[in-house]
Amino acid sequence: MKYKLKKELKTVFDAPAPARKEEFINLLEYPKANRLDFFISQIGYIRKRVWILSLLLFIGTLIGLYFSGASYSFVWVVSSVLPFVSLVTISEIARSITYNMDELEMSCKYNLLEVSLIRIGILGVVNLAVFIGILLLLSGKTDLGFIRLGIYLSTPYLLNCYGSLFVINRSKSRDTVYICGSVTALVSILNSLISIRIYDIYLERNRMFWAIAFIMFAVLSLKEIVKFIKRMEDLKWNSSLTA
Amino acid sequence: MSLSIHDQYDKIYKYCYFKVKDKQTAEDLTQETFLRYFSQKSYINKGKPLAYLYTIAKNLCIDFYRKSGRDERLNEEVPANDEVTAFETSYAVKQAVSTLPVELQEMLLLRYANELSINEIAQIMNISRFSVYRRLNKALDLLKGVLRKEDFNEI
């Protein structure tokens, strides 16, 4: 009864249609949202878990460094955890597509492509900040050097970005985020296993392997990002045809 | 304003119409509300914009009654044969709502028709959140009492 009553109450107060609405709104000079307002508003839509996980990882690295010092084993632990940061980012990007928000967002002032790119941009900056922070902390404590350490940490991260974007670009299922989660777990476990089994993986003689892997995953990730943008453009085009 | 101005126009108009029960006057008051709202740019960026919009509308409606010398209580009842009945709403619910005190009707409009949050209603009515909860529950209980149960027992 309560449910139906509340539903009825929605229409009980209906008034006759206003006669001068459009004319008034067209003539009304009101402050419209600018690009900066839009950008800031998008930060609010990013779920708290992104900020919390990024912060936790950063604090975790600080604690780890304080108690265990920097060693090769600490490097692989951090590099195995980093893909989970990208998973949270990916889940944010997949959300609007997975839950059929495309059409709704298409009807807004800013289209899905713009919304998605701004969110990717914000999340990318957050990830980069965490990554550089960890890199600066670790590089001072190891003899690996800034660039080598950067490659060791970012390669599993890039592999996960590629794998997750690959899934997003091809899957329309509501389980996309779970598939991305599985990809992340796989990358993390694989990275841990390789680091444990191949003891000299971080030695200088393997630098070519790391460089090739880094470039390969960076190019593949970029390819998937381009595909993702094109897919958004297709959606925009389809939407304009059906509008 | 976070929501579209088109949506807000309709909601403020609905609120003013509820107060003055005259299409022309309600629209005049709605437009005056927006003009006053946007003339205070400094306030817009400092939060509570929706509550502020409704407060302006509410004060304009009070001014209207004061100037015209009409009694607000005369409009407590929803007229049965005017154009309002042309809308596809349950006449029984309308009648039941019209038996409630105006303050409770206003609260039901803000909460269920205009979909404002408890917090926003508390700001507009200048009462605590707890009072809003209590009064809304009281309004629903009164309504349920007035309405015949058989009309609303299916979901």
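Here the structure is a predicted model, which means the values were calculated and not measured. (Residues numbered from 1 in each chain as written. Chains lettered and ligands numbered in written order. Predicted model: local features only at pLDDT ≥ 70, side-chain atom pairs only at ≥ 80, totals over all residues.)

So, the overall build of chain A
Where we set the bar: By definition, any uninterrupted DSSP run of H or I lasting at least four residues is a helix, any uninterrupted run of E lasting at least two residues is a strand, and each is numbered from the N terminus. Labels follow a simple rule on C-beta atoms placed from the backbone: if 20 or more others lie within 10 Å of a residue's own, it is buried; if 12 or fewer, it is exposed; otherwise it is partly exposed. Contact between two residues is assigned whenever their backbone-derived C-beta positions fall within 7 Å.
Summing up its helical and strand segments, chain A has ten helices and zero strands in all. Going residue by residue from the N terminus, the α and β elements of chain A occur as α-α-α-α-α-α-α-α-α-α. Out of the 243 residues in chain A, the part that is buried amounts to 27%. Taking contacts inside chain A between residues at least 6 apart in sequence as the whole, the part at least 24 apart equals 81%.

Quick notes on the UniProt feature "transmembrane region" (unreviewed entry) in chain A
Residue and element names in this part refer to chain A. What counts is decided by this rule: UniProt positions are given in the numbering used here, feature names are shortened, and annotations may be inferred rather than shown by experiment.
The UniProt record annotates "transmembrane region" (unreviewed entry) at residues 50-68, 74-94, 115-137, 149-169, 176-196 and 208-226. The span residues 74-94 is 100% helix and 0% strand, and its two end C-alpha atoms sit 31 Å from each other. Within the segment residues 176-196, helix and strand shares are 100% and 0% respectively, and the terminal C-alpha atoms sit 30 Å apart.

Looking at the nonpolar core
Applicable threshold: Core membership is restricted to buried Ala, Val, Leu, Ile, Met, Phe, Trp, Tyr and Cys residues, and these are joined into a nonpolar core through C-beta atoms within 7 Å. Domain borders in the structure are assigned automatically or taken from a domain database.
Residues C16(B) and A57(B) are the most contacted members of the largest nonpolar core, which totals 38 residues. Of all the secondary-structure elements, those providing two or more residues to this core are helix 1 (2-12) of chain A together with helix 1 (5-20), helix 2 (23-39), helix 4 (49-68), helix 5 (91-98), helix 6 (102-113), helix 7 (118-125) and helix 8 (129-146) of chain B. No other element matches the eight residues that helix 1 of chain B contributes to this core. Residues lining this core come from more than one domain, with at least three contributed by each of domain 1 (1-75) and domain 2 (78-149) of chain B. Apart from the residues within four sequence positions on either side, C16(B) is in contact with A26(B), L29(B), T30(B), A57(B) and C61(B).

Quick look at unusual backbone geometry
All names here are of chain B. Of note in this structure, K21 is not a glycine but carries a positive phi near 55 degrees. Its location among the elements puts K21 in the loop between helix 1 and helix 2. The phi dihedral of E115 falls on the positive side, at around 55 degrees, and the residue is not glycine. Relative to the helices and strands, E115 resides in the loop between helix 6 and helix 7.

Focus: the packing of helix 6 of chain B against helix 8 of chain B
Residue and element names in this part refer to chain B. We count it as follows: In this analysis an axis means a line fitted to C-alpha atoms, helices contributing only their contacting stretch, and an angle means the value between N-to-C directions, from 0 to 180 degrees. Any angle that falls under 35 degrees is termed roughly parallel, while one over 145 is termed roughly antiparallel, one within 65 to 115 roughly perpendicular, and all others oblique. Under the convention adopted here, Pro, Cys and the residues Ala, Val, Leu, Ile, Met, Phe, Trp and Tyr are nonpolar, Asp, Glu, Lys and Arg are charged, and Gly plus all remaining residues are polar.
At a closest axis distance of 10 Å, the pairing of helix 6 and helix 8 adopts a crossing angle of 100 degrees. It follows from the interaxial angle that helix 6 and helix 8 lie roughly perpendicular. In this structure, helix 6 uses L104, M107, L108 and R111 to contact helix 8, whose residues at the interface are V132, R135, L136, K138 and A139. Its residues assigned to classes, the contact of helix 6 with helix 8 comprises six nonpolar, no polar and three charged.

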